[in-house]
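Single-letter residue listing:
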Amino acid sequence: MAEVTLLGLWPSPFVYRVIWALKLKGVEYEYVEEDAVYNKSDRLLEYNPVHKKVPVLVHAGKPIAESAVILEYIEETRPHNPLLAKDPHQRALARFWTKFGEDKSIALFTFFITEGEEQVKATKEAQEYLRILEEHGLGNKKFFGGDEIGMADFEFGWLNLWLPVMEQIAGVKVMEAESFPRLHAWIQRFKELPTIKQNLPDHSAMLTYFKDRRAFFLASAKS
Amino acid sequence: MSGETVKLLGHWASPFALRVIWALKLKEIEYEYVGEDLPNKSPLLLEYNPVHKKIPVLVHGGKPIAESLVILEYLDEAWKHNPILPDDPYERAQARFWARFVDEKCMPSIMSAFTKKGEEKEKAAKEARENFKILESGLGKKQFFGGESVGFVDIAAGWIGLWTRMVEEIADVNIIDTAMMPLLESWFQRVLQVPILKECLPPQDKVLERFKGFHKFLTGGSS
């Protein structure tokens, strides 16, 4: 692959999906940290004028935005260590669950930006979706992708670190091990994969960052 | 692949089912259509899409696939004839990006303009107009999003001009602004002149009646 640049934001699980894909496939890239929340650079606005967000992958000068679209692009241009099975039906299932993750992502972390009764309600809703995910998405498979990790595993990869951090700060347990044994077992397997283990943001930095974010969201909700 | 039966669970008024019908027709795939009598969901639908319980669902050789854009990708991978997505990975990424933009930005803002009242309605309409303007930047001066002939985004969004006009009429709101989006507006007309797409459109008067019914129900009648 010719020169690849990834515009990112270090605590973003969307960015990490792309990092994991690039690392798994052995793609050399330059990482550029963007202050995508408070101080969007001209470069970001030029490369993602539509959404003005990260991640953005720039390959030979051409930008691609949206993490799921980026993952498909990386998969097509670098087949090594595939993220999708060869069988079209398996591929469709991976895309279905990736979409499920995207569609439900706000619902899955609303518990983090709410308190009191709203938080109770949000937690219940998140748990409903996690139950569906565990039952229908993961089932009894080793990974969402089957015996090997795939696109859908990266979609839910945030459950391994971001969720516990958010649970700790928000003071609520969303995904108890006893209630979600298969998802928990999957998380243990996922965390141990070298690609993941070697590519995670710093835990204490995450705690500080997300503590600030929760405070910010709760304050905005009040105003 | 071609030996196995293809079944589509759909609804006559659904633009998402229409996407799949268009793709099946363009790719000359034989299929059996099963119309759902929504809101009464058949046991078949509940079995084939237990997660969302929605149409469209494609069933190929007994295996179900849900989510219209996931189905479109599946059709292109399982049947190589008359491809919907371009060959080039960057162009494919652009097609995926714009199809998602339609679903994640255009549709919700149009629906908001349809269901809200007063100032909120006007605000939603403004957002919908801006989203169409942005969508136009993905089309540029091309005949179709797919280039010289219809492709993924045309199939995903070709009905949106017609549906938006109905929303405008019923909700008494302006979304399509010729001066603001001349290229997109001429695409709205051009795409529905493609014979295969035109002949699959559901009866527009019936769709309008159905929308009017929804509007009354959702807003209590007034705009």
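Here is what the cut-offs are and how they apply
Residues numbered from 1 in each chain as written. Chains lettered and ligands numbered in written order. Predicted model: local features only at pLDDT ≥ 70, side-chain atom pairs only at ≥ 80, totals over all residues. Heavy atoms only, no water. Helix = DSSP H or I, 4+ residues; strand = E, 2+ residues; numbered from the N terminus. Contact = heavy atoms within 4.5 Å. Areas by Shrake-Rupley, 256 points an atom, 1.4 Å probe, with all protein chains shown as cover. Lys, Arg positive; Asp, Glu negative; His and termini not counted. Charge placed at Lys NZ, Arg CZ, Asp CG, Glu CD. Buried area = accessible area lost by both parts, 1.4 Å probe. Salt bridge = Lys/Arg side-chain N within 4 Å of Asp/Glu carboxyl O. Polar contact = N/O pair within 3.5 Å; in protein donor to acceptor, adjacent residues only side chain to side chain. Buried < 20%, exposed > 50% of the residue type's maximum accessible area, 1.4 Å probe, protein only. pLDDT = per-residue confidence, 0-100. Core = buried A, V, L, I, M, F, W, Y, C linked by side-chain atoms within 4.5 Å. Pairing = 2+ DSSP bridges. Axes fitted to C-alpha atoms, helices over the stretch in contact; angles between N-to-C directions. Parallel < 35°, antiparallel > 145°, perpendicular 65-115°, else oblique. Nonpolar A, V, L, I, M, F, W, Y, C, P; charged D, E, K, R; others polar. Right-handed = clockwise from strand over helix to strand, strands pointing away.

Caption draft 1: Fine view of the overall build of chain B. For chain B, the helix and strand inventory stands at 10 helices and four strands. The order of α-helices and β-strands along chain B, N terminus first, is β-α-β-α-β-β-α-α-α-α-α-α-α-α. A fraction of 70% describes how many contacts in chain B between residues 6 or more apart in sequence connect residues 24 or more apart. Carbon together with sulfur atoms contributes 53% to the accessible area of chain B, which is approximately 10,300 Å² in total. Treating the 29 positive side-chain charges of chain B as one cloud and the 32 negative ones as another, the clouds have centres 3 Å apart.

Caption draft 2: Fine view of the environment of Ile 187 of chain A. Residue and element names in this part refer to chain A. With respect to the helices, strands and loops of the structure, Ile 187 is situated in helix H8 (residues 181-192). Sequence separation of Ile 187 and Trp 158 is 29 residues, and the distance between their C-alpha atoms is 9.6 Å. Ignoring any residue separated from it by four or fewer positions in sequence, one finds Ile 187 in contact with Leu 159, Asn 160 and Met 175.

Caption draft 3: Up close: the interface of chain B and chain A. Each partner contributes residues to the interface: chain B has 28 residues there, and chain A has 27 residues. Buried surface at the junction of chain B and chain A, both sides included, amounts to about 2,500 Å², of which 66% is carbon and sulfur. For the interface between chain B and chain A, the tally reads nine salt bridges. Note that Glu 77 of chain B is salt-bridged to Arg 91 of chain A, the shortest N-O span being 2.9 Å. Between chain B and chain A we count eight residue pairs in polar contact (both at pLDDT 80 or more) in total. The set of elements that each furnish at least two residues to the side of chain B that touches chain A consists of strand S4 (63-66), helix H3 (68-78) and helix H4 (89-115) of chain B. With 12 residues, the single largest contributor to the side of chain B that touches chain A is H4 of chain B.

Caption draft 4: Structural context of the pattern of salt bridges. Residue and element names in this part refer to chain B. Applying the stated rule across the entire model yields 27 salt bridges over all chains. Salt-bridge contacts for Asp 103 lead to Arg 19; the nearest nitrogen and oxygen are separated by 2.7 Å. Of this pair, Asp 103 sits in helix H4 while Arg 19 sits in helix H1 (residues 15-26); the two residues are 84 residues apart in sequence, bridging distant segments of the chain. The residues Asp 103 and Arg 19 share a single accessibility class, namely buried. Note that Arg 165 is salt-bridged to Glu 185, the shortest N-O span being 2.7 Å.

Caption draft 5: Spatial organisation of the confidence of the model for chain B. Mean pLDDT for chain B: 95, with 97% of residues reaching 70 or above. What the predictor reports for the complex is a pTM of 0.96 with an ipTM of 0.96.

Caption draft 6: Structural detail: the side chain of Thr 114 of chain A. All names here are of chain A. Structurally, Thr 114 can be placed in the loop between helix H4 (88-109) and helix H5 (116-138). The exposure class assigned to Thr 114 is buried, which follows from its relative accessible area of 6%. Here the side chain of Thr 114 touches Thr 110 through a polar contact of 2.8 Å, landing on its backbone oxygen. The contact partners of Thr 114, leaving out residues within four places of it in the chain, are Gln 119, Ala 122, Arg 214 and Leu 218.

Caption draft 7: Structural detail: the nonpolar core. Grouped together as the largest cluster of nonpolar side chains are 80 residues, with contacts concentrated most on Phe 154 and Trp 186 of chain A. Counting residues per element, this core draws most heavily on helix H1 (residues 13-24) of chain A, at eight residues. When neighbours within four sequence positions are excluded, Phe 154 of chain A is seen to be in contact with Arg 17, Trp 20, Ala 21, Leu 24, Leu 71, Leu 83, Ile 149, Phe 190 and Ile 196 of chain A. Membership of the second largest hydrophobic core comes to 72 residues, among which are Val 50 of chain A together with Ile 65, Val 207 and Leu 208 of chain B.

Caption draft 8: Region of interest: the sheet that holds strand S2 (residues 32-35) of chain B. Residue and element names in this part refer to chain B. On the basis of which strands lie adjacent, the open sheet formed by four strands has the order S2-S1-S3-S4 and mixed pairing. Lying at the two open borders of the sheet, with one neighbouring strand each, are S2 and S4. Here the average twist between neighbouring strands, direction ignored, is 20 degrees. In this structure, strand S1 (residues 6-10) lies alongside S2, joined through four bridges in parallel fashion. Across the sheet, the residue bridging to Gly 10 is Gly 35, located in S2.

Caption draft 9: Quick look at the packing of H1 of chain B against H3 of chain B. All names here are of chain B. Taken N-terminus to C-terminus, the directions of H1 and H3 make an angle of 10 degrees; their axes are 9 Å apart at the nearest point. When the interaxial angle is binned, H1 and H3 end up roughly parallel. Contacts between H1 and H3 involve Phe 16, Arg 19, Val 20, Ala 23 and Leu 24 on the former and, on the latter, Ser 68, Leu 69, Ile 71, Leu 72 and Leu 75. Of the residues that constitute the contact of H1 with H3, the class distribution is eight nonpolar, one polar and one charged.

Caption draft 10: Quick look at the sheet that holds strand S1 (residues 4-8) of chain A. All names here are of chain A. A sheet is described by the order of its strands in space; here four strands give the open sequence S2-S1-S3-S4, paired in mixed fashion. This sheet does not close on itself; its edge strands, each paired only once, are strand S2 (30-33) and strand S4 (62-65). Averaged over all pairs of adjacent strands, the angle between strand axes in this sheet comes to 20 degrees, irrespective of strand direction. Bridging between S1 and S2 involves four bridges; their strand directions are parallel. The residue of S2 that forms the bridge with Thr 5 is Glu 30. Against the sheet, helix H3 (residues 67-77) engages strand S3 (56-59) and S4, with an angle of about 125 degrees to S4.

Caption draft 11: Structural context of the side chain of Glu 67 of chain B. Relative to the elements of secondary structure, Glu 67 of chain B occurs in the loop between S4 and H3. Exposure remark for Glu 67 of chain B: the relative accessible area of 17% places this residue in the buried category. At 3.5 Å, the side chain of Glu 67 of chain B forms a polar contact with the side chain of His 52 of chain B. Setting aside residues no more than four positions away along its own chain, Glu 67 of chain B makes contact with Phe 96, Lys 99 and Asp 103 of chain A together with His 52 and Pro 56 of chain B.

Caption draft 12: Region of interest: the pairing of S1 of chain A. All names here are of chain A. Judged by how many residues are buried, S1 sits mostly within the fold: five of five residues are covered. Burial along S1 is two-sided: Val 4, Leu 6 and Gly 8 and Thr 5 and Leu 7, pointing in opposite directions, are all buried. Relative to S3, S1 runs antiparallel, the two being bridged by four bridges. Counterpart to Leu 6 in the pairing with S3 is Leu 57. Handedness of the crossover is the feature at issue here: the chain leaves S1, passes through H1, returns alongside S2, and the resulting connection is right-handed.

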